[in-house]
Amino acid sequence: MKANTIKFFSPEENVPVTKKAKAQSKPTGYISGTGKLVLPPKTLEELDIDPLATRFRIGTQEGKRTLKYLYLIPSADAEGTFAMTKSGRGFSIPLDVILKKGGVDFEKTKYTFEITLFNYQEGVVGYELAIASSEPKPEYTGKPRGRKPKKDLIEG
């Protein structure tokens with residue numbers, strides 16, 4: 001047998017394949033009809049946030065017209081930060097004017113958000129809120145692109 005016709009195995013190939021565990025669901029919240037970011041108690045517990053003591057700097061991606069992501073950065077300063085207020089069973093942050101300017105029509109549509117953690121600075125963990133609408137995406141009504149199907153070419 002020739003040396004170049006032999007396929008050698010590595011020890012990594014002999015390891016049994018294990019099924020990946022299901023990804024844990026991310027903590028969620030919603031935007032109320034009055035324009036408040038509402039964080040339920042379960043979400044606050046998962047993220048280990050003390051709602052009465054924690055204040056947040058809130059921002060979004062620079063240069064974007066509509067809000068798709070909000071960033072909450074915990075801050076010790078009282079100036080220029082937002083505090084959480086008790087509302088119902090959970091806690092909320094009133095942002096009605098900012099959300100309206102960002103194109104979020106919370107009065108007519110229900111919005112939810114998923115929270116993911118990210119490292120803002122060394123020792124500071126921020127929260128990224130991905131805002132999603134519960135309304136289905138409108139159907140595309142623009143001009144069709146690309147080649148015409150063959151049946152249209154024969155007729156036309």
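Asker: Just to check I follow, could you spell out the overall build of the protein chain for this structure?
Answerer: When its secondary structure is counted, the protein chain shows 3 helices and 9 strands. Mapped from its N terminus to its C terminus, the protein chain presents α and β elements in the order β-β-α-β-β-β-β-β-α-β-β-α. Whereas a compact globule of 156 residues would reach a radius of gyration of roughly 15 Å, the protein chain reaches 25 Å, over 25% beyond that. With respect to the principal axes defined by its C-alpha atoms, the protein chain has extents near 75 × 60 × 30 Å. Nonlocal contacts in the protein chain, meaning residues at least 24 apart in sequence, comprise 56% of its contacts between residues at least 6 apart. Surface accessibility of the protein chain: about 12800 Å² in total, with carbon and sulfur atoms responsible for 53%. Seen as two clouds, the 26 positive and the 19 negative side-chain charges of the protein chain have centres 9 Å apart.

Asker: How should the side chain of serine 32 be read in this particular structure?
Answerer: Structurally, serine 32 can be placed in the loop between strand S1 (28–31) and strand S2 (36–39). Within polar-contact distance, the side chain of serine 32 engages the side chain of threonine 34 at 3.0 Å.

Asker: Hey, could you run me through the environment of leucine 47 in this one?
Answerer: Counting through the fold element by element, leucine 47 comes out in helix H1 (residues 41–47). The class for leucine 47 is buried, based on a relative accessible area of 12%. Separated by 27 residues in sequence, leucine 47 and proline 74 place their C-alpha atoms 12 Å apart.

Asker: What exactly am I supposed to notice about the sheet that holds strand S9 (residues 124–133) here?
Answerer: By definition, the strands of a sheet pair up through backbone hydrogen bonds, in either a parallel or an antiparallel sense. Pairing in this open sheet of 9 strands is antiparallel, and the strands run S5-S3-S4-S9-S8-S1-S2-S7-S6 from one edge to the other. Both edges of this open sheet fall to strand S5 (82–83) and strand S6 (85–87), since each of them pairs with a single strand only. Across 4 bridges, the pairing between S1 and strand S8 (residues 111–121) is antiparallel. Residue pairing across strands places threonine 28 opposite glutamate 114, the latter belonging to S8.

Asker: I'm lost on the nonpolar core in this one. Help?
Answerer: Generally speaking, a soluble globular protein has its nonpolar side chains buried in company with each other. Core analysis: the largest hydrophobic core is formed by 23 residues, its most contacted members being Ile31 and Leu37. For this core, the secondary structure elements donating two or more residues are S2, H1, strand S4 (69–75), strand S7 (90–94), S8 and S9. Setting aside anything within four residues of it in sequence, one finds leucine 37 in contact with Tyr30, Ile31, Leu70, Leu72, Phe91, Ser92, Ile93, Leu95, Phe113 and Leu129.

The rules we used
Residues numbered from 1 in each chain as written. Predicted model: local features only at pLDDT ≥ 70, side-chain atom pairs only at ≥ 80, totals over all residues. Heavy atoms only, no water. Helix = DSSP H or I, 4+ residues; strand = E, 2+ residues; numbered from the N terminus. Rg over C-alpha atoms; globule rule 2.2 N^0.38 Å. Contact = heavy atoms within 4.5 Å. Areas by Shrake-Rupley, 256 points an atom, 1.4 Å probe, with all protein chains shown as cover. Lys, Arg positive; Asp, Glu negative; His and termini not counted. Charge placed at Lys NZ, Arg CZ, Asp CG, Glu CD. Polar contact = N/O pair within 3.5 Å; in protein donor to acceptor, adjacent residues only side chain to side chain. Buried < 20%, exposed > 50% of the residue type's maximum accessible area, 1.4 Å probe, protein only. Pairing = 2+ DSSP bridges. Core = buried A, V, L, I, M, F, W, Y, C linked by side-chain atoms within 4.5 Å.

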